[in-house]
Number of protein chains: 2
Amino acid sequence: MIVTPQSAVFDEPLALDSGRELSEFTIGYETYGRLNSKADNAILVCHGLTHNAHAAGKHHPDDARPGWWDVAIGPGKPFDPDRFFVVSSNVIGGCGGSSGPSSPDPATGKPYALNFPVVTIGDMVAAQARLTDRLGIRRWRAVAGGCMGGYQVMEWMSRFPERVAAAVVITATAATSAHTLALWEVIRQTIMRDAKFNGGDYYGGDWPLAGLGLSSMVGMVIWMTREVMAQRFGRQLAGREELSYELEADFEIQAFFQRIGDNADKSFDPNSLIYLTKAMDYFDLLRGQSGLAEAFAGVDSPTLLVSYDSDWRYPSQEMDQIRLALEQVGAPVEHRVLKSSFGHGAFIYDGEGLCAVLSDFLA
Amino acid sequence: MIVTPQSAVFDEPLALDSGRELSEFTIGYETYGRLNSKADNAILVCHGLTHNAHAAGKHHPDDARPGWWDVAIGPGKPFDPDRFFVVSSNVIGGCGGSSGPSSPDPATGKPYALNFPVVTIGDMVAAQARLTDRLGIRRWRAVAGGCMGGYQVMEWMSRFPERVAAAVVITATAATSAHTLALWEVIRQTIMRDAKFNGGDYYGGDWPLAGLGLSSMVGMVIWMTREVMAQRFGRQLAGREELSYELEADFEIQAFFQRIGDNADKSFDPNSLIYLTKAMDYFDLLRGQSGLAEAFAGVDSPTLLVSYDSDWRYPSQEMDQIRLALEQVGAPVEHRVLKSSFGHGAFIYDGEGLCAVLSDFLA
């Protein structure tokens, strides 16, 4: 499946939760399949903490890897382009064709850098609603996503319940936990304390790639589960027979982490990583509400919730609070707790169980 | 309890596992209580991944905090100086009075920096055995420690079983896990990628304190449990009423992490952190053995093993493999799994349950 990135430019200002606005904005997106004549077969896929909307297929036949959710999107897969018109939208604040800190500020012509306004998950969804109008879609057949994508799905349910015929929320929570608040702060500080960060104004010079590489290492030591590390690497030595007794990476898992740190590239703008984690910080469906059910007032479409038994950061118990809230408002909801050793990333890296559940739900 | 740091200098070379040697070395240590005339009331306390032997009491009455294991050492506590002569020894490779990378290299008169030889947990224990001789102690009434301290206890059991009358191993494992290998690599890289690291040769100039601060943040996001973060901080805002919509720390837990990053000081030499984690990397009682029992051949003294139900990094199941191995060699062993929300650090930060178990064991 060869796909071509697309983009849509919006000239009407977008009012943001902060009180600021984007005078104009762009959304980068990809589509798989065709919108039918009734415009009722469209599925919106919301991405997690990644940098672009490339969810499935390849841009060029010789690409090393397909999009991030190729396991779920494609002919014969749950999000089947022969049945559905699947839209994957890059969020605002990102760097995959949507307006973000690397985009030119219309006021100056130079990249916004840290002058880009802080955006929320709700702002991302408000921007996606504009794209939805532009594509001629009144109501999504389904809106689906994991992690930050799941946050977006819940904002869709909360802000535009009438535009969502079905929702799929994977490995998410109703309010970002203290642990994740801490992790995002560490991730941001690894970037911002890089001497090359220069207050975010690095576009014309050296990028803070050392900090970005470190932030990827920090993320990986949290995201890859202890169990997967044991199975995949254990205490295997890194291309040697004996311990070195030197300060180099003796073990294969350490060489693997060093490669992650060394191979940061500009495809994920460090400033975007700062903005996306900040948006996740602010995600809290309980804020200003008397209870979670209030956030879901108006929802009556079916929702599928998926969590993983090994995902200690977004545990099934928290997901189950979302189930209870949806039951309180009388919405049909199903919570599936899947087994996997892959933890939070299982919806991407161990997708088989998920795909069976998704196909059932969409049928 | 006011204590005074002590040190012992050894002129005989110490042969290291690497094949190198230290031509001379020093051990920094503290003692609490008095050695009796039979020299049979001495307890050795081995420290974890910290920088010195200051385990209990204060050096000055106006010190803000006592030593790191003050909960367990002191009058009326399990390691009671009225009964026992408690010795806490800083490890070689450390920076609390023992020979390490910040010590002068006798060959040059300048700090060793990265010319200090890589040491193992076994080397640390071999050095402690010299201190044991110097103090006139033939056999320890008990050797006790958690985390890297527990590693040292197991090396004592393995190398000098006849010198250990009882052993207490807390939150440890028989072989450092792949996950911890990865974490130590990340910790080291945060330091070594600081522009001020200068190949470890920073003693005469600016220290890589930014990297050291970052490494503390990375450690804390792993060591402090999700549950404790939720209870202690939750989503409480940092001295504000409303979200800032700026790139600052909105939440108290984020301000707390920033303070950790900002307040790195020279009391923990970054090079020592590199050497201590490297020593932990190499810890593997199974290496070169047909099974774990072989590592414990010769042990016949009682051992207390303590693990915590919330310690996902050093899980009780791994500790139980040590119990099984000790049972195989016919040594009396007891494994207590304690409840605590504090995870790996519970033996320091939530010591009440531990103290009851320790007192029982020593009685």
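Up top you'll find the structure we're talking about.
Residues numbered from 1 in each chain as written. Chains lettered and ligands numbered in written order. Predicted model: local features only at pLDDT ≥ 70, side-chain atom pairs only at ≥ 80, totals over all residues.

1. Describing the relation of the copies chain B and chain A
For the match of chain B to chain A, the screw axis carries a shift of 0.0 Å, the RMSD comes to 0.0 Å, and the turn is 180°. Taken together, the turn and the small shift mark the pair as related by a two-fold rotation axis. Across chain B, the rotation axis passes nearest the C-alpha of B:Val218, at a separation of 3.5 Å. Mapped onto chain A, 100% of the interface residues of chain B again fall at the interface, so both copies present the same surface. (Least-squares fit on C-alpha atoms with pLDDT ≥ 70 in both. Contact = placed C-beta atoms within 7 Å.)

2. A look at the pairing of strand S7 (residues 142-146) of chain A
Residue and element names in this part refer to chain A. With five of five residues buried, S7 lies mostly within the body of the structure. Burial along S7 is two-sided: the face carrying Ala142, Ala144 and Gly146 and the face carrying Val143 and Gly145 are both buried. In this sheet, S7 lies alongside strand S5 (residues 42-46) in parallel orientation, the contact comprising four bridges. Looking at the pairing, leucine 44 lines up with valine 143 of S7. Here S7 pairs with strand S8 (residues 167-170) via four bridges, running parallel. Residue pairing for S8: glycine 145 is matched across the bridge by valine 169. (Buried ≥ 20, exposed ≤ 12 C-beta atoms within 10 Å, placed from the backbone. Helix = DSSP H or I, 4+ residues; strand = E, 2+ residues; numbered from the N terminus. Pairing = 2+ DSSP bridges.)

3. Some points on the sheet that holds strand S4 (residues 25-32) of chain A
Residues and elements named next belong to chain A. Sheet architecture is open: eight strands sit in the order S1-S4-S6-S5-S7-S8-S9-S10, paired in mixed fashion. The open sheet terminates on both sides in strands that have one partner only, identified here as strand S1 (6-10) and strand S10 (333-338). Put simply, the sheet's adjacent strands are angled 20° from each other on average, direction ignored. For S4 and strand S6 (residues 85-89), the ladder comprises four bridges, and the chain directions are antiparallel. The residue bridging tyrosine 29 from the neighbouring strand is serine 89, located in S6. Strands in contact with helix H9 (residues 316-328) are S8, strand S9 (303-308) and S10; relative to S10, the strand with the most contacts, it is inclined by about 170°. (Axes fitted to C-alpha atoms, helices over the stretch in contact; angles between N-to-C directions.)

4. So, the sheet that holds strand S9 (residues 303-308) of chain B
Residues and elements named next belong to chain B. With mixed pairing, eight strands are arranged side by side in an open sheet as S1-S4-S6-S5-S7-S8-S9-S10. The sheet is open, and its two edges are formed by strand S1 (6-10) and strand S10 (333-338), each paired on a single side. Across this sheet, the average inter-strand angle for adjacent strands is 20°, counted without regard to direction. Across the sheet, helix H1 (residues 121-134) lies against S1, strand S4 (25-32), strand S5 (42-46) and strand S6 (85-89), angled at about 60° from S4, the strand it touches most. Against the sheet, helix H2 (residues 148-159) touches S5, strand S7 (142-146) and strand S8 (167-170), its axis set at about 145° to S7.

5. Comments concerning the interface of chain B and chain A
On the side of chain A, 45 residues touch chain B, which itself brings 45 residues to the contact. Counting only elements with at least two residues in the side of chain B that touches chain A, the list comes to helix H3 (178-192), helix H4 (209-223), helix H5 (226-232), helix H6 (252-262) and helix H7 (270-282) of chain B. If one sorts the elements of the side of chain B that touches chain A by residue count, H3(B) sits on top with nine residues. Among the residues forming the side of chain B that touches chain A, the class breakdown is 27 nonpolar, nine polar and nine charged. (Nonpolar A, V, L, I, M, F, W, Y, C, P; charged D, E, K, R; others polar.)

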